[in-house]
Amino acid sequence: MARRALKLASLTAAASGIYMYGNKFLDPNDFGIVRVGRAIATTAVITYDYLTSLRSVPYGTEEYEFLKSQVHLRSAERLRELCCSNRGTFIKVGQHLGALDYLLPEEYTRTLKVLHSQAPQSTRQEIEQVIREDLGKEIKELFMSFEDTPLGAASLAQVHKAVLQDGRTVAVKIQHPKVQAQSSKDILLMEVLLLVVKQIFPDFEFMWLVEEAKKNLPLELDFLHEGRNAEKVAYMLKNFDFLKVPRIYWELSTRRVLLMEFMEGGQVNDRAYMERNGINVNEISRNLGKLYSEMIFVNGFVHCDPHPGNVLVKKCPTSGKAHIILLDHGLYQVLSESFRMDYCRLWQALIKADMKRVQKYSRRLGAGDLYPLFACMLTARSWESVNRGIDQSPVSASEDMEIRSNAAAYLPQITQLLNNVPRQMLLLLKTNDLLRGIESALHTRASASSFLNMSRCCIRAVSTYQRSKSLSLYRRAQISLTEALSLWQINLYELFLWLKGSQLGNWVIALLRRMHHSTY
């Protein structure tokens, strides 16, 4: 019945929407009546499934949990089909949901993850049209060669490899021609549908998703804004010699076309690629953690789409060093100073297992009485591990399973939290989950070094803030001394961990044991 309703809505709308315009055939999926009809039908079917499938089953029983999982899965599959059919903004929002591994039921995140590899492709004619309209020239006038098959296609754009007339190899990012016109209407449609669903299910709190799309999508559709972000982050993190950000060629860039230096490598979650190319997996994981700790805690300017297709790794043939290549700079979160300081102090409290300060700074960030759940969401650890200290032991398979199952069990509370926390927090939570996914793929999750790097950045950020607020020279010197001592303690502890895990350390420990036994 559900499938019939979807097909009937799509076919009826499509039949009324196919026509000719400018001698070019228009895809019926691009017509508002088709997109609206399909979205309404899908929402209605999903709502009906939740209302009826669980009605006669006692809440909390094994049967209830099993049926709920099945409804989640069916609904996620219908949502995925809607995103693939309506494309553009729908795929973008679906990708966002698919990245929230530890915040949404696994049935949704697992099903929606495939949207990263199922984005639509614009035709050669559409690409030529965008370039002609924005740059005023034909492809053959601008490029010696231009590969028809895109290097990658995303929800809003696709990227082609090309060679300029002067011989430079470039990556050309071209926006899908219909996305700009459809995006505002799609967001309005989502907002109306979510409001209707909330009337039926009062605990359904997903308006934050629409608010984020409203704010971020116009920025992501402006490629000149993306180019400025790329240059800003490259300058901001210029001290990290392992980081590479493609250079922007401004003379051939517009709001819908972005020309960049061509860079290639393996995806950051491809452990096999790294092993084949002699790249140290632990070093990559450690350096990625350094990058994001610096962006979040020190600079407050955060690249918020680190899915594996946007983070590449490559070994430099001359120096032998492994480089991290950061791509797609359309989505950044700028953190206010007050938010950044509270977030720094919260993470310091989490690392030290200081529960009073965890509660204090969680409340300051909008968590209220749900601060234990908030701490678990941030760390993707159980409350028991948070109390014990998140750096004391790695994540076990059973704990990971517990966290994922809790995402389904506490969904109303999680959505309530996402509505209450500052908007700046939403993209950070998504970024955290994407980074954890990379660490899990590389088997480097929850390493001690990641917490040490995070601690260093928090100490530096808080000390810099305190110095900026102090008028006393003596007080500023005191803050600097405290900072230096704290960083020295971290360095000493890191040296201890290195010795403990190294061959040299084993020799030293063995020698000390022999000396100890020889005295008795």
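Model, not experiment: these values are computed from the prediction.

### Some remarks on the overall build of the protein
Within the protein, the regular secondary structure consists of 22 helices and 13 strands. Every one of the 520 residues in the protein was classed for burial, and the buried ones make up 50%. When contacts within the protein are restricted to residue pairs at least 6 apart in sequence, those whose partners lie at least 24 apart make up 67%. A total accessible area of about 25600 Å² is found for the protein, and carbon and sulfur atoms account for 56% of it.

### Regarding the pattern of salt bridges
Applying the stated criterion to the full structure yields 33 salt bridges. The salt bridge partner of Arg-110 is Glu-106, with a shortest N-O separation of 3.7 Å. Of the two residues, Arg-110 and Glu-106 are both situated in helix H5 (residues 106-112); the distance of four residues between them amounts to about one turn of the helix. The partly exposed category is assigned to Arg-110, whose relative accessible area is 44%.

### Overview of empty space enclosed by the protein
Tallying each qualifying case throughout the model produces two cavities of 30 Å³ or more. Counted as a void, the largest cavity has a volume near 430 Å³. What lines the largest cavity is a set of 23 residues, and nearest its centre among them are Asn-432, Leu-435, Arg-436, Glu-439 and Met-454. Listing elements by their share of the lining of the largest cavity, those giving two or more residues are helix H12 (281-299), helix H13 (337-352), helix H15 (371-379), helix H19 (423-442) and helix H20 (448-469).

### Observations regarding helix H9 (residues 207-220)
The terminal C-alpha atoms of H9 lie 20 Å apart, and with 14 residues this matches the ideal 20 Å at 1.5 Å per residue to within 8%. The largest bend in H9 amounts to roughly 30° and is located at Lys-214, with the proline Pro-218 lying one to four residues further along. On its buried face, H9 sits against helix H4 (89-98), helix H8 (179-200), helix H10 (223-236), helix H18 (411-420) and H19.

### Considering the state of the cysteines
As enumerated under the stated definition, the model contains zero disulfides in all. Left unpaired, Cys-458 is separated from the closest cysteine sulfur, that of Cys-344, by 4.3 Å. In this structure Cys-458 comes out as buried when scored by relative accessible area, which is 0%.

### Focus on the environment of Glu-81
Mapped onto the secondary structure, Glu-81 falls in helix H3 (residues 62-86). A relative accessible area of 33% means that Glu-81 is categorised as partly exposed.

### Here we look at the packing of H12 against H13
Across the interface, H12 lies against H13 with an axial gap of 8 Å and an inter-helix angle of 125°. Comparing their axes, H13 and H12 come out oblique. Residues Ile-296, Phe-297, Val-298 and Asn-299 of H12 lie in contact with H13, whose contacting residues are Arg-340, Tyr-343, Cys-344 and Trp-347. For the contact of H12 with H13, the class distribution of residues is six nonpolar, one polar and one charged.

### Brief notes about the confidence of the model for the protein
Any region with low pLDDT has predicted coordinates that should not be read closely. Residues with a pLDDT of 70 or more make up 88% of the protein, whose mean pLDDT is 86. Scored below 50 in pLDDT, residues 5-25 makes 21 contacts in the model with residues more than four places away or belonging to other chains.

### A short note on the sheet that holds strand E7 (residues 243-244)
Spatially, the four strands line up as an open sheet ordered E7-E12-E11-E9, and their pairing is mixed. Edge positions in the sheet fall to E7 and strand E9 (266-267), since each has one partner strand and no second. Bridge count between E9 and strand E11 (residues 311-315): two bridges; the pairing is antiparallel. Following the sheet pairing, Gln-267 is matched in E11 by Leu-312. Here H12 sits on the sheet in contact with E7, E11 and strand E12 (322-326), set at roughly 45° to E12.

### Focus on the pairing of strand E5 (residues 157-164)
Taken across its eight residues, E5 has six buried, putting it largely inside the fold. The sheet contact formed by strand E3 (residues 143-146) and E5 spans three bridges and is antiparallel. Following the sheet pairing, Ser-145 is matched in E5 by Val-163. Both strand E4 (residues 152-153) and E5 contribute to a ladder of two bridges, which runs antiparallel. Paired with Gly-152 across the strands is Val-159, a residue of E5. Between the antiparallel neighbours E4 and E5 lie three residues.

The rules we used
- Residues numbered from 1 in each chain as written.
- Predicted model: local features only at pLDDT ≥ 70, side-chain atom pairs only at ≥ 80, totals over all residues.
- Heavy atoms only, no water.
- Helix = DSSP H or I, 4+ residues; strand = E, 2+ residues; numbered from the N terminus.
- Buried < 20%, exposed > 50% of the residue type's maximum accessible area, 1.4 Å probe, protein only.
- Contact = heavy atoms within 4.5 Å.
- Areas by Shrake-Rupley, 256 points an atom, 1.4 Å probe, with all protein chains shown as cover.
- Salt bridge = Lys/Arg side-chain N within 4 Å of Asp/Glu carboxyl O.
- 1 Å grid on protein atoms, 1.4 Å probe; cavity = no way out; pocket = protein on both sides within 12 Å on 5 of 7 lines; lining within 4 Å.
- Points joined across faces, edges and corners; volume = space filled by probe spheres on them.
- Expected span 1.5 Å × (residues − 1).
- Bend = angle between axes of the 7 residues up to and from the residue.
- Disulfide = S-S within 2.5 Å.
- Axes fitted to C-alpha atoms, helices over the stretch in contact; angles between N-to-C directions.
- Parallel < 35°, antiparallel > 145°, perpendicular 65-115°, else oblique.
- Nonpolar A, V, L, I, M, F, W, Y, C, P; charged D, E, K, R; others polar.
- pLDDT = per-residue confidence, 0-100.
- Pairing = 2+ DSSP bridges.

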